Amino acid sequence: MSRPPESRASTGQKFEQALEKALDPLATALKRATTPASKPAAPGKPGLEISPLAVPFPIIPPIGGVGIATARAGFYKHERDDLVVFRFARGTTCAGVFTRHKIGSAPVDWCKRHLDGTEGGNDVRGLVVNAGCANAFTGKAGADAARRTASELAKRFGCRQRDVMLASTGVIGVVLDDRKITARLNEIETALDGDMPPTEQWARAGLGIMTTDTFPKGAWAECRIDGHTVRIAGIAKGSGMIAPDMATMLAFIVTDAAIAPPVLRALLGLHVRTTFNSVTVDGDTSTNDTCLLFATGSSGAPRIGRVGDRRLKEFSAALDKVMLDLAHQLVRDGEGATKFVRVTVEGAASPGSARKLAKSIADSPLVKTALAGEDANWGRVVMAVGKTDEPVDRDRLAIRFGPHVAAVDGAPSPTYDEAKMSAYMKNAEIDITVDVGSGRASATVWTCDLTKRYVEINGDYRS
């Protein structure tokens, strides 16, 4: 995970001090979230408890060229912020990756249209995010609401409406009431011009984009470009309907580096594959999946306009760390999750084949319910591997759970110990490794277990 080089105790203390000052009610709940015996209420939707796999929100330092403000627009009945606005410095560049869902939302359509082409992403000035209404499957009315939202913010920021990005999350099939957003823009502008500390801005934004999430998700990293210190920070939301294919997942990442849009697109496309596209909670892809990367150019580092520039090496690694940290947090907050699970497939015919096999295991309800029940039923992994169309050598198949070998050379391991395997299944973090004996490629996918709580959460999602 992307954290500053200091002790866990020091980081935790700073986190508590900063968040208690910024968000008193949330700070207490988050502090208790790491105590297994307690079940604190989540700060988002009433009735949810903070995930036992939750991690603290980091202390994010200033990122030049960006300001963030939140407000309560009223898309939710209960008291909570559900509107987040980012304001970027002039000349900020942007790239995005989006859902491949055939029924993309109005905000997804808006961003894709204005980020495409040679001019796309060259001077992005704002981002508006709302939670509580997906504005998906809403036809012309939804598209008009998206356009009006961008137009209103563009007037206040002194830019073109195409230079404002949009994102929404929430219930599908409800047209966005953009009047609720417009009514809060004066409040948003006042907050943007205030002196709220960056850590509080990012923490409030992380809270503001939540739906059934139980904790806000943030990450940051630091690197060097040509002798200049560059920072990268981001937030994400997602708890259910998580099997991103792009790229209900949203992620917004900001850096103060100066990077041209084509380079941002290449970097984002490269790292999405092994981060956000390699996690799954329930196998369902949202209509609204969006990941946006903004570069404000405020660090003083020279502008990079070529994908092959060697100065990008350290930045690329730092970006990957931030994205993987956020992706892991999505899995840790899977609806009802009690297990964080890493599935690795080795010996596959190709990287693509390895990934498909790993996702088949990670998406299998039978595998995931066995994990929830702490049942060492590794035969379900055999099932999930064999049901795919990918090349598998049955007589070379091998399966491990952590250090425990369940199967080898296509048969139960002669050293298999049911008691040790059952004891391992009680861990909060579990590794499953499968060698399919068809080649030399590998891939890793992260997932969680499937519990009764998942059914309960989704059974009353709209209530």
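Just above sits the structure.
Residues numbered from 1 in each chain as written. Predicted model: local features only at pLDDT ≥ 70, side-chain atom pairs only at ≥ 80, totals over all residues. Heavy atoms only, no water.

Draft legend 1. Expanded view of the environment of alanine 89. Structurally, alanine 89 can be placed in the loop between β2 (83-88) and β3 (93-98). For alanine 89 and aspartate 123, which are 34 residues apart along the polypeptide, the C-alpha to C-alpha distance reads 8.8 Å. (Helix = DSSP H or I, 4+ residues; strand = E, 2+ residues; numbered from the N terminus.)

Draft legend 2. Quick peek at the packing of helix α8 (residues 261-272) against helix α9 (residues 312-332). Where α8 contacts α9, the two axes come as close as 10 Å, and the packing angle between them is 50 degrees. On the basis of the axis angle, α8 is oblique to α9. Crossing of α8 over α9 shows right-handed handedness. Two secondary-structure elements touch here, α8 through Val263, Leu267, Leu268, Leu270, His271 and Val272 and α9 through Leu312, Phe315, Ser316, Leu319, Asp320 and Met323. Considered class by class, the residues forming the contact of α8 with α9 number 9 nonpolar, 2 polar and 1 charged. (Axes fitted to C-alpha atoms, helices over the stretch in contact; angles between N-to-C directions. Parallel < 35°, antiparallel > 145°, perpendicular 65-115°, else oblique. Left-handed = near helix turned anticlockwise from the far one by under 90°. Contact = heavy atoms within 4.5 Å. Nonpolar A, V, L, I, M, F, W, Y, C, P; charged D, E, K, R; others polar.)

Draft legend 3. View of the sheet that holds strand β4 (residues 126-133). With respect to topology, 4 strands assemble into an open sheet ordered β1-β2-β4-β5, the strand pairing being mixed. Only two strands of the sheet have a single partner each, and these edge strands are β1 (66-71) and β5 (164-171). Averaged over all pairs of adjacent strands, the angle between their axes in this sheet comes to 10 degrees, without regard to strand direction. As paired strands, β1 and β2 are joined by 6 bridges and run antiparallel to one another. Bridge assignment links threonine 70 to a residue of β2, and that residue is valine 84. The sheet strands contacting helix α6 (residues 185-192) are β1 and β2, and the helix crosses β1 at an angle near 140 degrees. Strands in contact with helix α7 (residues 198-208) are β1, β2 and β4; relative to β1, the strand with the most contacts, it is inclined by about 50 degrees. (Pairing = 2+ DSSP bridges.)

Draft legend 4. Summary view of the side chain of asparagine 135. Looking at the element boundaries, asparagine 135 is found in the loop between β4 and α4 (139-157). Since its relative accessible area comes to 0%, asparagine 135 is described here as buried. Beyond its immediate stretch of four places on either side in the chain, asparagine 135 contacts Ser105, Ala106, Pro107, Gly142, Ala145, Ala146, Ser168, Val171, Val174, Val175 and Leu176. (Buried < 20%, exposed > 50% of the residue type's maximum accessible area, 1.4 Å probe, protein only.)

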